[in-house]
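# Survey of secondary and tertiary structure
The lines below spell out each chain.
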Amino acid sequence: MIRVLFVCLGNICRSPMAEFLFKDMAQKRGEAGRYLAESAGTSSEEEGNPVYPPARAELARHGISCAGKRARPLTAADYAKYDYILAAESANVRSILRICGGDPEKKVHRILDFSARPRDISDPWYTGDFARTYADLVEGLEGFFRLLDAKKG
Ligand code: 4NP
């Protein structure tokens, strides 16, 4: 079982979209049982809140449910629990390193670091464009699956 934690600031937009898109992609590949995917925020501001309605709507447009997800903050203990800790943007990476006290096992990456054009995920909190965020996530996660496939051997 490969354990993946997606991380953004609030855990109500980008990282839950990544979590549920990743699960959907894994299921469509017939690999649902191979992965555990969860998400968390570097801030506790939104703790306990459901996925932000426009993010939920964007997932629903693609037939993906995120029912039951509630925001939860990243903790130092999470570092040991996951194989990959994938951030939406560089600012999240800095916060993850602060919260977890470093990255000795090189688990922390940006989601789009696995794409041909490494960059931050477009932040819908500022753009209002949840479709663009979704497209960025597809691009990053397709690259991540390429890496996972390559590691299968
Ligand atoms: P997320 O979106 O980090 O993608 O979940 C945000 C949620 C809340 C805030 C910013 C971004 N906020 O400033 O409260």
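Our subject in this report is the structure included herewith. Values in this document were obtained by computation on a predicted structure and should not be read as measured data.

### Observations regarding the packing of helix H2 (residues 53-61) against helix H6 (residues 130-152)
- Interhelical geometry of H2 versus H6 gives an angle of 60° and a closest axis separation of 10 Å. Overall, the two elements H2 and H6 adopt an arrangement that is oblique. Between H2 and H6 the crossing geometry is right-handed. Every residue of H6 that contacts H2 at Pro54, Ala55, Glu58 and Leu59 is listed here: Phe130, Ala131 and Tyr134.

### Description of the packing of aromatic side chains
- Per the counting criterion, the structure on display carries 9 aromatic pairs.
- Consider the rings of Phe22 and Phe145, whose centres lie 4.8 Å apart with planes at 5°: the pair is stacked. Within this pair, whereas Phe22 is found in helix H1 (residues 14-28), its partner Phe145 is found in helix H6, the two being separated by 123 residues in sequence.
- Taking relative accessible area as the criterion, Phe22 reaches 1% and is therefore assigned buried.
- Take Phe145: its relative accessible area is 2%, and that puts it in the buried class.
- Seen from their ring centres, Tyr35 and Phe145 are 5.8 Å apart, and the 80° between their planes marks the pair as edge-to-face. With Tyr35 in strand E2 (residues 35-41) and Phe145 in helix H6, the pair connects residues that are 110 residues apart, well separated along the chain.
- Among the aromatic residues, those joined into a cluster by ring pairs are Phe6, Phe22, Tyr35, Tyr84, Phe114, Phe144 and Phe145.
- Above the ring of Tyr79, the side-chain terminus of Lys107 is found at 4.6 Å from the ring centroid.

### Section: the packing of H1 against H2
- One way to put it is that H1 packs onto H2 with a least axis distance of 10 Å and a crossing angle of 20°. Our classification of the angle between H1 and H2 gives roughly parallel. The way H1 lies across H2 gives a crossing that is right-handed. On H2, the residues that touch Pro16, Met17, Phe20 and Leu21 of H1 are Ala55, Glu58 and Leu59.

### A word on the pairing of strand E1 (residues 2-8)
- Within E1, 6 of the 7 residues are buried, which leaves the element mostly enclosed by the surrounding structure.
- Across 7 bridges, E1 lies against E2 in parallel orientation. Bridged to Val7 within E2 is Ala40.
- A crossover connection joins E1 to the parallel E2 through H1; in handedness this β-α-β unit is right-handed.
- Two strands pair when backbone bridges link them, and E1 and strand E3 (residues 84-87) are joined in this way by 4 bridges, in the parallel orientation. Each residue of the ladder has a partner; that of Val7, found in E3, is Ala87.

The rules we used
Residues numbered from 1 in each chain as written. Predicted model: local features only at pLDDT ≥ 70, side-chain atom pairs only at ≥ 80, totals over all residues. Heavy atoms only, no water. Axes fitted to C-alpha atoms, helices over the stretch in contact; angles between N-to-C directions. Helix = DSSP H or I, 4+ residues; strand = E, 2+ residues; numbered from the N terminus. Parallel < 35°, antiparallel > 145°, perpendicular 65-115°, else oblique. Left-handed = near helix turned anticlockwise from the far one by under 90°. Contact = heavy atoms within 4.5 Å. Phe/Tyr/Trp six-rings, centres within 6.5 Å; stacked < 30°, edge-to-face > 60°. Buried < 20%, exposed > 50% of the residue type's maximum accessible area, 1.4 Å probe, protein only. Lys NZ or Arg CZ within 6 Å of the ring centre and 35° of its normal. Pairing = 2+ DSSP bridges. Right-handed = clockwise from strand over helix to strand, strands pointing away.

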